[in-house]
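# Coordinates in review
Below, each chain spelled out in residue letters.
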Amino acid sequence: MDPILSVENLYKQFGDRPVLSDVSLSINAGEIKVLIGPSGAGKSTLLQSINYLVPPDSGRILLEGRLVNGADKRALCGYRQQVGMIFQDFNLFDHLNAVSNIEIALIRVKGLHKIAARQRAMAELDRVGLTSHANHYPAELSGGQKQRVSIARALAMDPKIMLLDEPTSALDPELIGEVLSVIGKLGQAGMTMILATHQIAFARNLATEMIFMEAGKIVEQGTPDVILNHACCVRTREFCSSITDLTSNQ
Amino acid sequence: MEEIVYIQHTVFPALMQGLGVSILLILPSAICGICLGVVTGTLHVYGSPVTRFMVNGYVLIFRGFPLIIQLYIWYFGLARIGIFLSPYTASVLGFSLCSAAYHSEYIRGALLSIKHGQALAAQALGFTRIQTILFIILPQAMRRALPGCGNEIIYLIKYSSLAYMVTCIELTGKAKILASASFKYIEVFMIVGVIYLFLVTLASSLLSRLEKGWGRCFL
């Protein structure tokens, strides 16, 4: 089976500091890859490079075998529509209520008619259990609700793959569950995802593969069982044992 | 008694006529000023280095030159090179361009204050750069610029009185003519002051309503 997305030899530097060096990965339809690693390892940069929010210095990205050309603005907009992105701090549009947050891209980017866009937006809100909050502005929603709206917003674009950049790390512990359950359901429904997270217990159940990153490099990748229990690399073992200790203590 | 009759029959009708002209000066100048200010402010933040340089120059000159000098240039200066503007056109042009230079700076500040995440989210959804600015950044920036821009509109109401210097006889011009004829400076100018006060109060109450209506999404 051809991978739905492949990333080949990605490099990125901020000033003199390399943040991604020679990162390659590929993901098949329906797979869920979880990126783990300490802060500053390059997880966020990798995810943002994949959809060119942070354009890589060199390397290739292929969606369904087609090379993504970062210099072609129009093609890039088309590509980004197929790659859903979830941010750590939600980034809902502050001037629009929940349902308008979802429909604005449907109307402006996909060119849907207003009525069709509203129907689709309401259906997506229903999927994340927030129909009753359709008219609430971001400032009137809890963190968990905001993140669910942002997931609905990405899903409305019918993405082929979703990139989730620490979707729960800005949330109160109480609110993490509701967001994880939406992501879990999405995974069960067969959505292809690359997810950066520190929620190890959750990731273990969901992930097809875990990828341990440090200092801009992929150190090791394998099934959750291998990475968490039988990692080859010492550094992976250290990191995993420290975060699994943390979760078991909670 | 004689004064009341004078005010009722001479001052009041003339001032109402002048007020009409003032409103016809203020409304188009405010609208053109805001529109041009939004365009120049946006180009200042998102434009190429060349447009940035040009907008910078525009703001520098139009904020730097006293408004009365600008009006003289539009009305008397252009006439020297064969371009004859009516007093009304020269005034609206002068007010709009000067007002826009100030609006431009309020809009620029507001645009810069919008979190980068908003643009990232829009781009991630496939918005083009122009769509991102138009549908995501500007609406939020406009809300933040509103108090400053409102202030500028209130200034505009008052500096519209300079139009009579280029012979566009509006409220202040009418008052000057009346007062010179009757020497009742205090009576006439007190009434004019109250009329401006009324205009400013009306404008600020409309602006604060707009702010409140617009503000719900920024609770």
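The coordinates are above.
Now for a description of the structure that goes with this document. (Residues numbered from 1 in each chain as written. Chains lettered and ligands numbered in written order. Predicted model: local features only at pLDDT ≥ 70, side-chain atom pairs only at ≥ 80, totals over all residues.)

Before going further, it helps to spend a moment on the overall build of chain B. Each helix and strand in chain B was counted, giving eight helices and zero strands. The order of helices and strands in chain B, counted from the N terminus, is α-α-α-α-α-α-α-α. Overall, the C-alpha framework of chain B stretches about 75 × 50 × 20 Å when taken along its three principal axes. Of all 219 residues assigned to chain B, the portion counted as buried reaches 35%. Look at the contacts in chain B between residues 6 or more apart in sequence, and 76% of them connect residues 24 or more apart. (Helix = DSSP H or I, 4+ residues; strand = E, 2+ residues; numbered from the N terminus. Buried ≥ 20, exposed ≤ 12 C-beta atoms within 10 Å, placed from the backbone. Contact = placed C-beta atoms within 7 Å.)

In terms of helices and strands, chain A carries nine helices and 10 strands. In terms of principal-axis extent, the alpha carbons of chain A reach across some 55 × 45 × 40 Å. The proportion of buried residues among the 250 residues of chain A is 48%. Put simply, of all contacts in chain A between residues at least 6 apart along the chain, 64% involve residues at least 24 apart.

Here we come to the environment of A:G42. On the secondary structure map, A:G42 appears in the loop between β3 (32-36) and α1 (43-50). Between the C-alpha atoms of A:G42 and A:G65, which are 23 residues apart in sequence, the distance is 25 Å.

The geometry of a pair of packed helices is captured by two quantities: the angle between their axes and the separation between those axes. Residue and element names in this part refer to chain B. Across the interface, helix α1 (residues 2-46) lies against helix α6 (residues 129-159) with an axial gap of 10 Å and an inter-helix angle of 135°. When the axis of α1 is compared with that of α6, the two are oblique. Considering how the two elements wind past one another, α1 and α6 form a crossing that is right-handed. Two secondary-structure elements touch here, α1 through I26, S29, A30, G33, I34, T42 and Y46 and α6 through I133, L138, C149, I153, L156 and I157. Its residues assigned to classes, the contact of α1 with α6 shows 10 nonpolar, three polar and no charged. (Axes fitted to C-alpha atoms, helices over the stretch in contact; angles between N-to-C directions. Parallel < 35°, antiparallel > 145°, perpendicular 65-115°, else oblique. Left-handed = near helix turned anticlockwise from the far one by under 90°. Nonpolar A, V, L, I, M, F, W, Y, C, P; charged D, E, K, R; others polar.)

This part covers the sheet that holds strand β6 (residues 83-86) of chain A. Consider a sheet: its strands pair through backbone hydrogen bonds, and that pairing is either parallel or antiparallel. Residue and element names in this part refer to chain A. Taken together, six strands build an open sheet; the order of strands is β6-β7-β8-β3-β9-β10 and the sheet is mixed. Each edge of the open sheet is held by one strand with a lone partner, namely β6 and β10 (217-222). Between one strand axis and the next, the sheet turns through 20° on average, direction left out of account. Taken together, the four bridges between β3 and strand β9 (residues 209-214) define a ladder with parallel strand orientation. Paired with L35 across the two strands is I211, which belongs to β9. (Pairing = 2+ DSSP bridges.)

Turning to the packing of helix α5 (residues 143-155) of chain A against helix α6 (residues 173-188) of chain A, a few remarks are in order. All names here are of chain A. The N-to-C vectors of α5 and α6 enclose an angle of 15°; their axes lie 8 Å apart at closest approach. Here α6 runs roughly parallel to α5, going by the angle between their axes. Crossing hand, α5 versus α6: right-handed. Seen from α5, the contacting residues are G143, G144, Q147, R148 and I151; seen from α6, they are L175, E178, V179 and V182.

Let us look at the nonpolar core. The nonpolar side chains of a soluble globular protein tend to be buried with one another. The biggest cluster of nonpolar side chains holds 116 residues, and the ones touching the most others in it are A:V34 and A:L35. Ranked by residue count, the leading element in this core is helix α4 (residues 87-113) of chain B, at 11 residues. Here A:L35 is in contact with A:K43, A:L46, A:I194, A:L195, A:A196, A:I211 and A:M213, once residues within four sequence places are set aside. (Core = buried A, V, L, I, M, F, W, Y, C linked by C-beta atoms within 7 Å.)

For the rest of this paragraph, the subject is the interface of chain A and chain B. At the junction of the two partners, chain A supplies 22 residues and chain B supplies 20 residues. Where the side of chain A that touches chain B is concerned, the elements lending two or more residues are α2 (73-81) and α3 (98-108) of chain A. Considering each element in turn, the side of chain A that touches chain B owes the most residues, five residues, to α2(A). By residue class, the composition of the side of chain A that touches chain B is 11 nonpolar, five polar and six charged.

Attention shifts here to unusual backbone geometry. When glycine is set aside, most residues are seen to have a negative phi, and most peptide bonds are trans. Residue and element names in this part refer to chain A. Phi is positive for N9, which is not a glycine, with a value near 50°. Along the polypeptide, N9 turns up in strand β1 (residues 5-14). Of the residues examined, N9 has 13 C-beta atoms within 10 Å and is grouped as partly exposed.

As a further point, take the sheet that holds strand β5 (residues 66-67) of chain A. Residues and elements named next belong to chain A. With antiparallel pairing, the four strands of this open sheet are ordered in space as β2-β1-β4-β5. Every other strand in the sheet has two partners, leaving β2 (17-27) and β5 as the edge strands with one partner each. In this sheet, β2 lies alongside β1 in antiparallel orientation, the contact comprising seven bridges. Opposite S6, over in β2, you have S26 as the bridge partner.

A word on the environment of A:S181. The topology assignment puts A:S181 in helix α6. By C-beta crowding, A:S181 is classed as partly exposed, having 14 other C-beta atoms within 10 Å.

Our focus in this paragraph is α3(A). Counting buried positions along α3(A) yields nine of 11 residues, so the element is predominantly enclosed. Where α3(A) is concerned, the buried positions are A:A98, A:V99, A:N101, A:I102, A:E103, A:I104, A:A105, A:L106 and A:R108. Against the buried residues of α3(A) lie α4 (114-127) and α5 of chain A together with α6 of chain B.

Right, let's talk about the environment of A:Q82 for a bit. Residue and element names in this part refer to chain A. Checked against the element boundaries, Q82 lands in the loop between α2 and β6. Residue Q82 is classed as partly exposed on the basis of its 18 C-beta neighbours within 10 Å. For the pair Q82 and Q48, spaced 34 residues apart in sequence, the C-alpha separation works out to 14 Å. Beyond its immediate chain neighbours, meaning those up to four positions away, Q82 contacts L63, P159 and K160.

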